[in-house]
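# Results of the structural survey
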Amino acid sequence: MIHPLTPRISQTTNQPTSRRLGFSYHTRMAVFTDTAIVLNRIDFSETSQILVFMSKEHGKVRAIGKGTKRSTKKRFAVGIDLLEVGYLSWSSKHERSETLATLTEWKQIRMFGGLREKLSRLYSAQYVAEITARMTEDWDPHPELYDALFASLLDIGNAEEPVDAVVQYQLALLNATGSLPRFDACQRCQRSNDLSHFSSFEGGMICRHCEAGQVEKREIGGETLRRLQGATSSTARIGPFSVLNYHISHQLGREPMLAQKVVPSSKQRLVE
Ligand SMILES: [Zn+2]
């Protein structure tokens, strides 16, 4: 069933203000539809929320959902849950508008049920949603990242230990946003052996011959490096998460809020 959340565009053309101004409101609004995943919800007023979606074809979309928060006398609230997948319809004055879009319809397709069965899964999924919302631009299409996000939520929802699925997604996100570090060679002298430290500023590994001259750096263990270089046989999980989270924190200017819930800071300093 499709739930109407706000008046359709055809209804808004009948607004007296539009007629009085002598232009058709209709021609200035465009309606978009796409498959999307709910990344964030922020309360906006008594009844409305600002919702952040990752859509498949249009990238990140921020939209105001009127009446999504609770029912009013006139309207039944349509609860929109974090991390669910659905068909999204929204209207916007024009494509790539910087302003908030208006949510017009939401039809849930699926939920990742397993996410709510374990707290570690839920925190991991919320972390994944948080870094997606903060690392991507509005209206910047990343179909491959949408697919990676979907796959990651599916994996996390089934995982006993979800950190590995999070690492997989951190790599996909950094790749999609053009911020993937180089793990194959020292970013100062280009040698491929004796790699001992990671520098976010340099955008990758630093070897032990160059590290003394590098102020911003963190030590990285052999198993962690193997995992980041793509070895699936590596047993490191916490190390790769910590290094990528460190890099993401540098990109964002502060650490993602959920990072400590995925791996506590005491464990993040572990060199494995
Ligand atoms: Zn070097």
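Helices and strands together make up the secondary structure of the protein chain, namely ten helices and nine strands. Residue burial in the protein chain is summarised as follows: out of 272 residues, 38% are buried. When contacts within the protein chain are restricted to residue pairs at least 6 apart in sequence, long-range pairs at least 24 apart make up 54% of them.

A word on the pairing of strand β5 (residues 85-92). Buried residues dominate β5, accounting for six of its eight residues. Here strand β2 (residues 30-43) pairs with β5 via eight bridges, running antiparallel. Each residue of the ladder has a partner; that of Thr 33, found in β5, is Ser 89.

Now for the packing of helix α5 (residues 143-158) against helix α6 (residues 163-176). The interhelical angle for the contact between α5 and α6, taken along N-to-C directions, is 170°, at an axis separation of 9 Å. Considered as vectors, α5 and α6 are oriented roughly antiparallel to each other. Taking contact as the criterion, the partners of Glu 144, Leu 145, Ala 148, Leu 149, Ser 152, Asp 155 and Ile 156 in α5 are, on α6, Ala 165, Val 166, Gln 168, Tyr 169, Ala 172, Leu 173 and Ala 176. Taken together, the residues that form the contact of α5 with α6 break down as ten nonpolar, two polar and two charged.

If you walk across this open sheet you meet the three strands as β8-β7-β9, and the pairing is antiparallel. One side of each edge strand has no neighbouring strand; the edge strands of this open sheet are β8 (204-207) and β9 (218-219). Bridge count for strand β7 (residues 195-199) against β9 is two bridges, and the pairing is antiparallel. The residue bridging Phe 198 from the neighbouring strand is Arg 218, located in β9.

Ranked by size, the top nonpolar core spans 61 residues in total, and within it Ile 37, Phe 53, Val 128, Leu 149 and Val 166 carry the most contacts. Tallying contributions element by element places α6 first for this core, with eight residues. Counting residues domain by domain, this core receives three or more from each of domain 1 (3-111) and domain 2 (119-180 + 220-268). Once residues lying within four places of it in the same chain are set aside, the contact partners of Phe 53 are Ala 36, Ile 37, Val 38, Leu 39, Lys 60, Val 61, Ala 63 and Leu 88.

All right, on to helix α8 (residues 238-252) then. End to end, α8 covers 21 Å across 15 residues, agreeing with the expected 21 Å (1.5 Å per residue, within 8%). Along α8, the residues classified as buried are Ile 238, Gly 239, Pro 240, Phe 241, Ser 242, Val 243, Leu 244, Asn 245, His 247 and Ile 248. Taken from the residues just after α8, Gly 253 is the one with a positive phi, measuring 90°.

Attention shifts here to the environment of His 250. With respect to the helices and strands, the residue His 250 is situated in helix α8. Take His 250: there are 16 C-beta atoms within 10 Å of it, and that puts it in the partly exposed class.

A separate point is the packing of α6 against α8. Close contact between α6 and α8 brings their axes to 9 Å; oriented N to C, the two are set at 35°. Handedness of the α6/α8 crossing: left-handed. Of α8, the residues touching α6 (which contributes Val 163, Val 166, Val 167, Gln 170, Leu 171 and Leu 174) are Ile 238, Pro 240, Phe 241, Leu 244 and Ile 248. When the residues that make up the contact of α6 with α8 are grouped by side-chain class, the tally is ten nonpolar, one polar and no charged.

Let us look at unusual backbone geometry. The backbone of Trp 139 shows a phi angle near 55°, a positive value even though the residue is not glycine. Mapped onto the secondary structure, Trp 139 falls in the loop between α4 (119-135) and α5. Residue class for Trp 139 comes out partly exposed when judged on the 18 C-beta atoms lying within 10 Å of it. In this structure, Asp 194 takes a positive phi of about 60° despite not being glycine.

This brings us to α5. Taking 1.5 Å of rise per residue, 16 residues should cover 22 Å, and α5 covers 23 Å from first to last C-alpha, within 8% of that figure. Inspection of α5 places Leu 145, Tyr 146, Ala 148, Leu 149, Ser 152, Leu 153, Asp 155, Ile 156 and Gly 157 among the buried residues, and these make up the whole buried set.

This part is about the pairing of β8. Relative to β8, β7 runs antiparallel, the two sharing four bridges. Looking at β8, one finds that His 197 is bridged to Ile 206.

Cut-off values and rules
- Residues numbered from 1 in each chain as written.
- Predicted model: local features only at pLDDT ≥ 70, side-chain atom pairs only at ≥ 80, totals over all residues.
- Helix = DSSP H or I, 4+ residues; strand = E, 2+ residues; numbered from the N terminus.
- Buried ≥ 20, exposed ≤ 12 C-beta atoms within 10 Å, placed from the backbone.
- Contact = placed C-beta atoms within 7 Å.
- Pairing = 2+ DSSP bridges.
- Axes fitted to C-alpha atoms, helices over the stretch in contact; angles between N-to-C directions.
- Parallel < 35°, antiparallel > 145°, perpendicular 65-115°, else oblique.
- Nonpolar A, V, L, I, M, F, W, Y, C, P; charged D, E, K, R; others polar.
- Core = buried A, V, L, I, M, F, W, Y, C linked by C-beta atoms within 7 Å.
- Domains from an automatic or database assignment.
- Expected span 1.5 Å × (residues − 1).
- Left-handed = near helix turned anticlockwise from the far one by under 90°.

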